[in-house]
Protein chains: 2
Amino acid sequence: LHSGAADKVRQLLSVLHPAEIGDLLESLPHGPRELLWELVPSEEQGEVLVEVNDEVRSGLIDEMETHELVQATGGLDTDDLADLLHDLPGAVIHELLLSMDKQNRQRLEAALSYPEDTAGGLMDLDVVTVRANVSLDVVLRYLRLRGEIPELTDSLFVVNRFDHLQGLLPLSTLLTNDPEASVAEVMNRDVEGIPATMKSIDVARLFQDRNLVSAPVIDENNKLLGRITVDDVVDVIRDEAEHNIMSMAGLDEEDDIFAPVVTSARRRAVWLGVNLATAFLASWVIGLFESTLDKVVALAVLMPIVASMGGIAGSQTLTIMIRGLALGQVGSSNARSLMLKEIQVSIMNALIWSLVVAVIAMAWFQNMDLGLIIGAALIINLIFAAVAGFTIPLILKRVGVDPALAGTVLLTTVTDVVGFVAFLGLGTWYLT
Amino acid sequence: LHSGAADKVRQLLSVLHPAEIGDLLESLPHGPRELLWELVPSEEQGEVLVEVNDEVRSGLIDEMETHELVQATGGLDTDDLADLLHDLPGAVIHELLLSMDKQNRQRLEAALSYPEDTAGGLMDLDVVTVRANVSLDVVLRYLRLRGEIPELTDSLFVVNRFDHLQGLLPLSTLLTNDPEASVAEVMNRDVEGIPATMKSIDVARLFQDRNLVSAPVIDENNKLLGRITVDDVVDVIRDEAEHNIMSMAGLDEEDDIFAPVVTSARRRAVWLGVNLATAFLASWVIGLFESTLDKVVALAVLMPIVASMGGIAGSQTLTIMIRGLALGQVGSSNARSLMLKEIQVSIMNALIWSLVVAVIAMAWFQNMDLGLIIGAALIINLIFAAVAGFTIPLILKRVGVDPALAGTVLLTTVTDVVGFVAFLGLGTWYLT
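Caption draft 1: Summary view of the overall build of chain A. Summing up its helical and strand segments, chain A has 21 helices and six strands in all. A compact globule built from 432 residues should have a C-alpha radius of gyration of about 22 Å, whereas chain A, at 30 Å, is more than 25% larger. Overall, the C-alpha framework of chain A stretches about 95 × 60 × 35 Å when taken along its three principal axes. The buried share among the 432 residues of chain A stands at 54%. Long-range pairs, those at least 24 residues apart, make up 66% of the contacts in chain A with a sequence separation of at least 6. Just so you have it, chain A exposes about 18800 Å², and 56% of that area is on carbon and sulfur atoms. When the 28 positive and 59 negative side-chain charges of chain A are each reduced to one mean point, those points stand 6 Å apart.

Spelled out as structure tokens, the structure:
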């Protein structure tokens, strides 16, 4: 990049927000990415680091000197800093801690004391609190004196002198009521704080169902700890949805699409290896029927149809279950009805498609019995596929394994094995 | 349900928000769902209808009399009503239009004039506007006189007398500045309205990147039309992510998981039929090599391995592409580097796994040549899989077909056909 081009890029960067610079960095291959990174003003580098995915972030951090990192991250909010901290080198953390005052160090420790995927891990500490016994006019004067209100503040939090949450004072209430009224008279008392231990996915559902912009986070004694804002919740929702789609292909949503070839190859090799094991299991099952295949080669020609239809039907049930479990739509109360429905649907489709397949097979190989065998095998496999697609995610969830990650492999193992055993087994039985 | 239980349910419903009642209805099978619906207070039924998915909604509407529907939907905001309108019976629409005043009728027409998936279709009309030349004190008095501010208002919109957008007055700015200052002095001028024709997916990205709570929507002359709020954007983000995961299994995110068995079976039958066609194509390819299979039955035992490994490797590339296209991460500028990377990754994995497969096949069948043949076939198929996983979504996107929907079918067709042709073709060539 010659210097004229660099100036143009700098100009472009100055109108982009940190998240947009992050998107741009993520979509650049290595080389151009590092060049662009050097042009990002150092006072913005910290916020960009917060926005990019884990892998891109650690790559960028590796490029930077200790003093650059301290400068870039020194101005961050403690909650953002808490998110970054495990990626920073020890020397940088040490310098950052030294440069902090006691209050900020305590805040950082508080933010680090909750797991990342809980309300405590999501919260920031930019709360504006007021007392219930003052008048709105006092609140208005206090805000003017304060001079600024943190981003995404739609409510002030009303607390007593022990910092216990008493209610919310929405800015709209503050603005539309008589300044002589007291906070206690107009505040919203019908508010439950979010426990710091609540899972972030449940926090996301709460925000979504109640159209919240921000909400207070409390400890087990109703003491105000911080707040969660809708921007963090949007990230949780997007990450969760992407996690499901990526996991189903054995990928991770935090991976860099331009990771080094060796790194990507190694990661995907694991998934290919797991699938190879199940493919060999299927082959071994086919091998049990070698003598049958030797006699009727048409069975070898048709056998992928039985396995593949089972895989497709099963993956439909599996996808509905994975999404239903993620949305909390599927639980013990409706599991029975849903399973019944899935089995009925699969029986209907089994009847229709086994008829079609049977007729085509008969016509193709001029063999009535072959048609009957493949039709029967297809019915068996589609019903097994529905049962497997329904039970596998429930079992995985109970044993604490991510259904989106392991579900597809287990399902196709079942549909391959059942499909081959049913089809080749029926063929063998017919021959003897 | 006896009446005591009904009272308890009513009590439960009274503490739930409309979106939560909607979630509950969606997760109930038919029967219980209709019973619960009758217990929802009629003044809340309209808002619940807005929250449930398309299919559940039309089921609930079918249950209701014309006068019940008019009562339930009469109190809705025009933007919510616009979303519902195409599901309501003609008689209900007629009565609703008659009961509206001219202004509301015009608002409804405006909301209906933009497609659902654009900024115009997302916007509501609850804007609070102020003029630039008044003082903040005047604004404060105006808000008190107004008595309420619409939900999710974080900024007032500053317009001139032609309703052209001039800037934003965030509530936090209003609250922290001297009441004597004029709006013009403190307002945020650095604001671009969202064009009404912008795609909702781009609106969502903008909200996410810039941490917005609400944003003004304008026409081509910079005239203020309405506003978009973060709650609608959250729905867009969730729907988009769910759409991808559901489409990949040939499902629709708006479907009712408790749809009647016949309805569900018919929908899924289409997907099974499409896949059956590709499975028969694969079978036909195998059939071309019938005489080879007749001679070496081991080929029949091993052939699913080549096809299945290709399918897995290809689906990894495909998933990365589908997500990258949805996030705007993949474009013409980086497509070349990404394709190069995917091919390199696939070559590395092809070399590793073909070696493993070759060794196992040799040991299993005590046949050196069989190992070499399957190893070579696997290398060919994995490289084709990467190219197909990369190019198929790009081609589909260019011709306007959803890559998430059609990508998987096309990809497995390629990997099955290439896998069988490579493996059985090499086997035939070796025999002759």
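The discussion continues.
Caption draft 2: Molecular detail of the side chain of S200(A). Residue placement: S200(A) occurs in helix 14 (residues 200-210). Residues in contact with S200(A), not counting those within four places in the same chain, are D117(A), T118(A), L122(A) and V236(A).

Caption draft 3: Region of interest: the interface of chain A and chain B. Facing 104 residues of chain A, the contacting portion of chain B comprises 104 residues. Both sides together, the interface formed by chain A and chain B hides about 10000 Å², and carbon and sulfur atoms give 68% of it. A per-residue breakdown of the area chain A buries against chain B is headed by L175(A), L272(A) and R323(A), which together make up 8% of the total. Taken together, the connections running from chain A to chain B amount to six salt bridges. For E342(B), the salt bridge identified is with R268(A), shortest N-O distance 2.8 Å. If you look at where chain A meets chain B, you find 28 residue pairs in polar contact (both at pLDDT 80 or more). Residue contributions to the side of chain A that touches chain B peak at 18 residues, all from helix 18 (residues 297-327) of chain A. When grouped by side-chain class, the residues that make up the side of chain A that touches chain B number 59 nonpolar, 25 polar and 20 charged.

Caption draft 4: Region of the structure containing the packing of helix 14 of chain A against helix 15 (residues 230-247) of chain A. Residues and elements named next belong to chain A. The N-to-C vectors of helix 14 and helix 15 enclose an angle of 115°; their axes lie 9 Å apart at closest approach. Crossing of helix 14 against helix 15: the hand is left-handed. Judged by residue contacts, S200, I201, V203, A204, F207 and Q208 of helix 14 engage V230, V233, V236, I237 and E240 from helix 15. Among the residues making up the contact of helix 14 with helix 15, the classes are represented as eight nonpolar, two polar and one charged.

Caption draft 5: Just the packing of helix 6 (residues 66-74) of chain B against helix 8 (residues 90-99) of chain B, in detail. Residue and element names in this part refer to chain B. Remark: helix 6 packs on helix 8, axes separated minimally by 9 Å, with the N-to-C direction vectors making an angle of 50°. The orientation of helix 6 with respect to helix 8, classified from their angle, is oblique. Judged by the twist between their axes, the crossing of helix 6 over helix 8 is right-handed. Across the interface between the two elements, T66, L69, V70, T73 and G74 of helix 6 pack against A91, V92, E95 and L96 of helix 8. Residues that form the contact of helix 6 with helix 8 fall into these classes: five nonpolar, three polar and one charged.

Caption draft 6: Inspection of the domain arrangement of chain A at higher detail. Each domain of chain A was delimited in the assignment, giving domain 1 (3-113), domain 2 (129-230) and domain 3 (261-431). Between the C-alpha centres of domain 1 of chain A and domain 2 of chain A the distance comes to 31 Å.

Caption draft 7: Layout of the sheet that holds strand 5 (residues 214-218) of chain B. Residues and elements named next belong to chain B. Spatially, three strands are ordered 4-5-6 in an open sheet, and the strand pairing comes out mixed. On the outer flanks of this sheet lie strand 4 (194-195) and strand 6 (224-229), each paired with one strand and no other. By the bridge criterion, five bridges tie strand 5 to strand 6 in an arrangement that is antiparallel. Its bridge partner lying in strand 6, S214 is registered against T229.

Caption draft 8: Main features of the sheet that holds strand 6 (residues 224-229) of chain A. Across the sheet, which stays open at both edges, the three strands sit in the order 4-5-6 (chain A) with mixed pairing between neighbours. Two strands lie at the open edges of the sheet, namely strand 4 (194-195) and strand 6 of chain A, each paired on one side alone.

Caption draft 9: Seen up close, the environment of I312(A). Residue position: I312(A) is located in helix 18. With a relative accessible area of 18%, I312(A) lands in the buried category. For I312(A) and G167(A), which are 145 residues apart along the polypeptide, the C-alpha to C-alpha distance reads 52 Å. Apart from residues no more than four positions distant in its own chain, I312(A) is found in contact with W271(B), L272(B) and N275(B).

Caption draft 10: Structural detail: the packing of aromatic side chains. Counted according to the given criterion, the structure contains four aromatic pairs over all chains. Between F280(A) and W364(B) the ring centres are 6.4 Å apart and the planes differ by 50°, which places this aromatic pair in the tilted class. Here the residue F280(A) occupies a position in helix 16 (residues 261-287), and W364(B) occupies one in helix 19 (residues 335-365), the pair thus bridging two chains. A connected cluster of aromatic rings, assembled from ring pairs, spans F280(A), W364(B) and F365(B).

Caption draft 11: Quick look at the relation of the copies chain A and chain B. Least-squares fitting of chain A to chain B yields an RMSD of 0.1 Å, with the superposition described by an axial translation of 0.0 Å and a rotation of 180°. As the rotation angle and translation indicate, the two copies are arranged about a two-fold axis. Most of the interface of chain A is mirrored in chain B, where 100% of its interface residues are also at the interface.

Caption draft 12: Inspection of unusual backbone geometry at higher detail. Notably, D163(A) is not glycine yet its phi reads approximately 65°, a positive angle. With respect to the helices and strands, D163(A) occurs in the loop between strand 2 (155-159) and strand 3 (165-170). By relative accessible area, which is 32% here, D163(A) ends up partly exposed. A positive phi angle is found at L152(B), which is not glycine, with a value near 60°. On the secondary structure map, L152(B) appears in the loop between helix 11 (136-146) and strand 2 (155-159).

Caption draft 13: Highlighting the environment of L36(B). Residue and element names in this part refer to chain B. Its location among the elements puts L36 in helix 3 (residues 32-39). Exposure remark for L36: the relative accessible area of 9% places this residue in the buried category. Not counting the four nearest positions on each side in its chain, L36 is found in contact with V9, L13, L24, L25 and L28.

Caption draft 14: Just the nonpolar core, in detail. Ranked by size, the top nonpolar core spans 80 residues in total, and within it L302(A), F423(A), L302(B) and F423(B) carry the most contacts. Beyond its immediate stretch of four places on either side in the chain, F423(A) contacts L299(A), L302(A), M303(A), V306(A), I373(A), I374(A) and A377(A). In terms of nonpolar packing, the next biggest core, distinct from the first, is built from 38 residues, V203(A), L125(B), L152(B) and A204(B) among them.

Caption draft 15: Structural view of helix 15 (residues 230-247) of chain B. With 18 residues, helix 15 of chain B should cover 26 Å at 1.5 Å per step; its first-to-last C-alpha distance of 25 Å lies within 8% of that length. Taking burial as the measure, the 18 residues of helix 15 of chain B include 13 buried ones, the bulk of the element.

Caption draft 16: Structural detail: the pattern of salt bridges. Per the stated rule, a full pass over the model turns up 26 salt bridges over all chains. D137(A) is paired through a salt bridge with R141(A); the nearest N and O atoms lie 3.5 Å apart. Here D137(A) and its partner R141(A) are both found in helix 11 (residues 136-146), four residues apart, which amounts to about one turn of the helix. Owing to a relative accessible area of 28%, D137(A) belongs among the partly exposed residues under this scheme. In this structure, D87(B) engages R57(B) in a salt bridge whose closest nitrogen and oxygen atoms are separated by 3.0 Å. You can see D87(B) sitting in the loop between helix 7 (78-84) and helix 8 and its partner R57(B) sitting in helix 5 (residues 54-63), a full 30 residues away along the chain. Given a relative accessible area of 5%, R57(B) falls into the buried group. Overlapping salt bridges bring together D54(A), R57(A) and D87(A) as one network.

Caption draft 17: How the structure looks around the environment of I343(A). All names here are of chain A. With respect to the helices, strands and loops of the structure, I343 is situated in helix 19 (residues 335-365). Along the chain, I343 and A132 lie 211 residues apart, while their C-alpha atoms are 58 Å from each other. Contact partners of I343, with chain neighbours within four places excluded, come to A386 and V387.

Caption draft 18: Inspection of a nonpolar patch on the surface at higher detail. A cluster of nonpolar residues, L281(A), W284(A), L288(A), I352(B), V356(B), I360(B) and W364(B), forms a patch on the protein surface that exposes about 600 Å² of accessible area. Of all elements in the fold, only helix 16 of chain A together with helix 19 of chain B reach the threshold of two or more residues within the nonpolar patch. Considering every element that reaches the nonpolar patch, the biggest residue donor is helix 19 of chain B, with four residues. Tracing the chain through its elements places I352(B) in helix 19.

Parameters and conventions
Residues numbered from 1 in each chain as written. Chains lettered and ligands numbered in written order. Predicted model: local features only at pLDDT ≥ 70, side-chain atom pairs only at ≥ 80, totals over all residues. Heavy atoms only, no water. Helix = DSSP H or I, 4+ residues; strand = E, 2+ residues; numbered from the N terminus. Rg over C-alpha atoms; globule rule 2.2 N^0.38 Å. Buried < 20%, exposed > 50% of the residue type's maximum accessible area, 1.4 Å probe, protein only. Contact = heavy atoms within 4.5 Å. Areas by Shrake-Rupley, 256 points an atom, 1.4 Å probe, with all protein chains shown as cover. Lys, Arg positive; Asp, Glu negative; His and termini not counted. Charge placed at Lys NZ, Arg CZ, Asp CG, Glu CD. Buried area = accessible area lost by both parts, 1.4 Å probe. Salt bridge = Lys/Arg side-chain N within 4 Å of Asp/Glu carboxyl O. Polar contact = N/O pair within 3.5 Å; in protein donor to acceptor, adjacent residues only side chain to side chain. Nonpolar A, V, L, I, M, F, W, Y, C, P; charged D, E, K, R; others polar. Axes fitted to C-alpha atoms, helices over the stretch in contact; angles between N-to-C directions. Left-handed = near helix turned anticlockwise from the far one by under 90°. Parallel < 35°, antiparallel > 145°, perpendicular 65-115°, else oblique. Domains from an automatic or database assignment. Pairing = 2+ DSSP bridges. Phe/Tyr/Trp six-rings, centres within 6.5 Å; stacked < 30°, edge-to-face > 60°. Least-squares fit on C-alpha atoms with pLDDT ≥ 70 in both. Core = buried A, V, L, I, M, F, W, Y, C linked by side-chain atoms within 4.5 Å. Expected span 1.5 Å × (residues − 1). Patch = residues over 30% accessible without salt bridge, like charges linked within 9 Å, V, L, I, M, F, W, Y side chains within 5 Å.

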